[in-house]
Amino acid sequence: MRAFLAWLYGAALALGGPGLFVVAALDSSFISLPQINDLLVVLMVTQNKALMLYYAAMATLGSVVGCYVIYYLAGKGGEAFLRRRTRAGALERTLALYRRHGLLALMVPALLPPPAPFKLFVLGAGLAGVRPLPFVTAIAVARGARYLALGVLAIYFGDAALELMRTRGREVALWLVAAILLGALTWWWLGRRRRAREA
C-alpha cells in the first residue's frame, strides 16, 4: 500500500492539476488517501503560486465527483450495505444530524481533516434524500474553502507551509477549519444585521 501511495503521489505531481483531480476523486469515493491531496495542493502551489486558483479548483472538482459517486450509490439502495458496514447507531445519528442541521451536517465534516467520518455523511446525504444540486453546492463550497485556504497558506509561507503540513498537518487543518467557520459565521452575522437595519 505504501508503494502505491508513493507512486500515486509522484504521478499526481507529474500531471499537475489533472493529478490533483484524480487523487481528490479517489480519496472522496471509496479509497482513503488521508492528507495526500492537502499535501499535493500545498506543494503544487508552493512551486507555482500563479496557478493557486487552478489547483484549488481541480482538487475541489475531483472531490465533488468522488463524493457524488458514493452519494448516488447510497441513494440507489445502499442502506442495507451501509448498515452492515457501520457501527450500530452511527447511521441513525448521521440521519438525525441531517434532520436537525440540514446541509451544515455535510459541510462541517467536509472541512475537517481525517479521521473525521466525512464519507459517512456523504452516504447519509444520499439516504436522507438530499437533492443533487444542494449536495454538489455544499461539497463545492466546503471543499473549495478548504483548498483555497491551503493555497493561501502555501503562497504566504512557501516551503515552511509544506513542512508544517507534513509534520503537523492535522493541527494545521483544524486551525484552518476554525478560521473558515469563524469567517462564515461573521459573514452570516453581518448580513443578518444589515438586513435588520434595512427592514
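Just above sits the structure.
Residues numbered from 1 in each chain as written. Predicted model: local features only at pLDDT ≥ 70, side-chain atom pairs only at ≥ 80, totals over all residues. Heavy atoms only, no water.

**Q** Tell me about the overall build of the protein, and name the residues and values.
**A** When helices and strands are counted, the protein shows 10 helices and 0 strands. The order of α-helices and β-strands along the protein, N terminus first, is α-α-α-α-α-α-α-α-α-α. Buried positions account for 43% of the 199 residues belonging to the protein. Counting only contacts in the protein whose residues sit at least 6 apart along the sequence, the fraction spanning at least 24 positions is 79%. Accessible area for the protein stands at about 11100 Å²; split by element, carbon and sulfur atoms hold 67% of it. (Helix = DSSP H or I, 4+ residues; strand = E, 2+ residues; numbered from the N terminus. Buried < 20%, exposed > 50% of the residue type's maximum accessible area, 1.4 Å probe, protein only. Contact = heavy atoms within 4.5 Å. Areas by Shrake-Rupley, 256 points an atom, 1.4 Å probe, with all protein chains shown as cover.)

**Q** Account for the pattern of salt bridges, with residues named and values stated.
**A** With the rule as written, the count across this model stands at 1 salt bridge. Residues D38 and R146 are paired through a salt bridge, measuring 2.7 Å at the closest nitrogen-oxygen approach. Here D38 is found in helix α3 (residues 36-47), whereas its partner R146 is found in helix α9 (residues 132-157), with 108 residues between them in sequence. Neither D38 nor R146 differs from the other in exposure class; each is buried. (Salt bridge = Lys/Arg side-chain N within 4 Å of Asp/Glu carboxyl O.)

**Q** Give me the side chain of R143: which residues, what numbers.
**A** Checked against the element boundaries, R143 lands in helix α9. Buried and unpaired, R143 has no salt bridge, with D27 as the nearest side chain of opposite charge at 4.8 Å. Once you skip the residues sitting within four places of it in the chain, R143 turns out to touch S28, T60, S63, A110 and F118. (Lys, Arg positive; Asp, Glu negative; His and termini not counted.)

**Q** How would you explain the packing of aromatic side chains if you had to name every residue and give the values?
**A** We describe a pair of aromatic rings using the distance from one ring centre to the other and the angle between the two ring planes. This structure, assessed with the given rule, holds 5 aromatic pairs. Centroid distance Y54 to Y55: 5.6 Å. Interplanar angle 45°. Geometry classified as tilted. Sitting over the ring of F118, R143 keeps its end group 4.3 Å from the ring centre. (Phe/Tyr/Trp six-rings, centres within 6.5 Å; stacked < 30°, edge-to-face > 60°. Lys NZ or Arg CZ within 6 Å of the ring centre and 35° of its normal.)

**Q** Explain the packing of helix α2 (residues 17-28) against helix α4 (residues 52-75) to me, using residue names and the numbers behind them.
**A** Direction vectors running N to C along α2 and α4 enclose 30°, while the axes themselves pass 7 Å from each other. Put simply, α2 runs roughly parallel to α4. Where α2 crosses over α4, the handedness of that crossing is right-handed. Residues G17, P18, L20, F21, A24, A25 and S28 of α2 lie in contact with α4, whose contacting residues are Y54, Y55, M58, A59, L61, G62, S63, V65, G66, C67 and I70. Taken together, the residues of the contact of α2 with α4 break down into 13 nonpolar, 5 polar and no charged. (Axes fitted to C-alpha atoms, helices over the stretch in contact; angles between N-to-C directions. Parallel < 35°, antiparallel > 145°, perpendicular 65-115°, else oblique. Left-handed = near helix turned anticlockwise from the far one by under 90°. Nonpolar A, V, L, I, M, F, W, Y, C, P; charged D, E, K, R; others polar.)

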